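Per-entry structural report
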Amino acid sequence: MDTENGVQSKKLSGASYHIRTFHVSMNLLSHILVGIIVGINLIFVFRLPTPLSATPQHIVLCVLGFQLLMAEAILSLSPYNTWSLHLKLVDKRRAHTVLQIVGSVLAIVGSFIKIMDKHNNPNAVNWDTLHGIFGLIALVFTVASLINGVTSLYAHELRRYLPSKLSKITHICFGIVVFVAANISLCYGFEKNMFRNWISTTNNGPVVNTLITFTALLTGIVVVAPLITFFQKFKTN
Ligand code: HEM
């Protein structure tokens with residue numbers, strides 16, 4: 001083991017050693033942020049009486065779908081992601097597919113629960129808040145991303161009907177839009193009075209702002225790798 005580590009550190013000397021350390025640290029930070037963001041939402045919901053009403057159900061499913069499973073699905077393909085590091089490419093893709101499908105289903109159901117709840121309330125109007133509008137964008141692109149995720153998975157078989165590069169580029173692009181829109185929606189969710197009043201009764205500003213900063217940081221770390229791949233695929237015709 002020692003020898004192995006010795007060989008590893010010899011191979012990765014100089015700049016690449018530091019770059020790898022930076023990437024691995026960013027990856028660790030992203031998992032910590034996922035834990036904090038998802039954990040706080042779950043604590044917020046599970047102190048409420050059961051059976052949970054529509055809004056808490058909506059929060060649990062959306063946060064588990066978008067911020068936990070989709071974040072991990074995107075990270076699973078990163079060469080620096082700790083838990084998928086040892087997996088063969090084919091197994092990384094399998095993990096990515098399973099996490100995306102389960103995450104998307106939770107996110108879609110969670111969004112619809114709240115959309116229908118508002119729809120059935122005569123005093124409410126759908127899509128009247130920025131939280132809801134960004135949630136809708138995330139929802140629409142989740143469905144689109146699920147469809148062209150399948151075409152990306154079978155890109156080779158479908159190459160006669162659909163250029164494989166096109167389905168892969170659009171899949172990356174849709175995935176980025178989903179994650180960014182869902183996180184913007186979540187930040188507006190943190191601004192809701194029900195959340196602000198719970199997180200702190202005295203001085204709620206800093207806590208909510210910290211959570212929004214954490215969410216922005218998580219979004220940046222998670223989408224940077226797909227963004228690079230997106231532009232690389234564009235450049236190499
Ligand atoms: C990834 C996270 C989330 C997404 C994608 C999301 C998405 C949505 C969507 C699509 C709607 C329906 C909008 C409409 O029909 O007009 C909605 C409504 C709502 N959500 Fe969320 N949500 C998220 C997290 C949260 C959180 C964390 C809270 C509270 C702490 C929250 C509280 C609400 C409330 C109170 C409504 C009804 C009022 C409104 O439309 O703004 N949501 N959300």
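Residues numbered from 1 in each chain as written. Predicted model: local features only at pLDDT ≥ 70, side-chain atom pairs only at ≥ 80, totals over all residues. Heavy atoms only, no water.

Running from amino to carboxyl end, helix 4 (residues 89-119) crosses helix 5 (residues 130-153) at an angle of 155°, the nearest separation of the two axes being 10 Å. By the angle between their directions, the pair helix 4 and helix 5 is classed as roughly antiparallel. Note on packing geometry: the crossing formed by helix 4 with helix 5 is left-handed. Residues Thr97, Gln100, Ile101, Ser104, Ile108, Ser111, Phe112 and Ile115 of helix 4 form the contact with helix 5, whose participating residues are Leu139, Thr142, Val143, Leu146 and Leu153. Across the contact of helix 4 with helix 5, the residue classes break down as eight nonpolar, five polar and no charged. (Axes fitted to C-alpha atoms, helices over the stretch in contact; angles between N-to-C directions. Helix = DSSP H or I, 4+ residues; strand = E, 2+ residues; numbered from the N terminus. Parallel < 35°, antiparallel > 145°, perpendicular 65-115°, else oblique. Left-handed = near helix turned anticlockwise from the far one by under 90°. Contact = heavy atoms within 4.5 Å. Nonpolar A, V, L, I, M, F, W, Y, C, P; charged D, E, K, R; others polar.)

Let us now look at helix 2 (residues 15-46). In this model, helix 2 (32 residues) spans 46 Å end to end at C-alpha, consistent with the 46 Å of a helix rising 1.5 Å per residue. The complete set of buried residues in helix 2 reads Asn27, Ser30, His31, Leu33, Val34, Ile37, Val38, Asn41, Phe44 and Val45. (Expected span 1.5 Å × (residues − 1). Buried < 20%, exposed > 50% of the residue type's maximum accessible area, 1.4 Å probe, protein only.)

Contacts to the ligand come from 22 residues, most closely from His58, Asn126, Trp127, His131 and Lys192. At 2.6 Å, a side-chain N or O of lysine 118 approaches an oxygen atom of the ligand. Here a nitrogen atom of the ligand sits 2.7 Å away from a polar atom, N or O, in the side chain of histidine 131. Applying the majority rule of atoms within 2 Å of the grid points places the ligand in the second largest pocket. For the shell around the ligand, the elements supplying multiple residues, two or more each, are helix 2, helix 3 (54-76), helix 4, helix 5 and helix 6 (164-190). Residue contributions to the shell around the ligand peak at five residues, all from helix 3. (Near = heavy atom within 4 Å. Polar contact = N/O pair within 3.5 Å; in protein donor to acceptor, adjacent residues only side chain to side chain. 1 Å grid on protein atoms, 1.4 Å probe; cavity = no way out; pocket = protein on both sides within 12 Å on 5 of 7 lines; lining within 4 Å. Sits in = over half its atoms within 2 Å of the grid points.)

Tracing the backbone shows valine 150 in helix 5. Residue class for valine 150 comes out partly exposed when judged on its relative accessible area of 48%.

So, about the side chain of asparagine 183. If you trace the backbone, asparagine 183 turns up in helix 6. Within the structure, the side chain of asparagine 183 is placed 3.2 Å from the side chain of threonine 219, a separation counted as a polar contact. Not counting the four nearest positions on each side in its chain, asparagine 183 is found in contact with Gln67, Thr215 and Thr219.

For the rest of this paragraph, the subject is the environment of serine 78. Among the structural elements, serine 78 can be located in the loop between helix 3 and helix 4. Among the residues examined, serine 78 registers a relative accessible area of 13% and is labelled buried. With sequence-adjacent residues up to four places away left out, serine 78 is seen in contact with Ser84 and Lys92.

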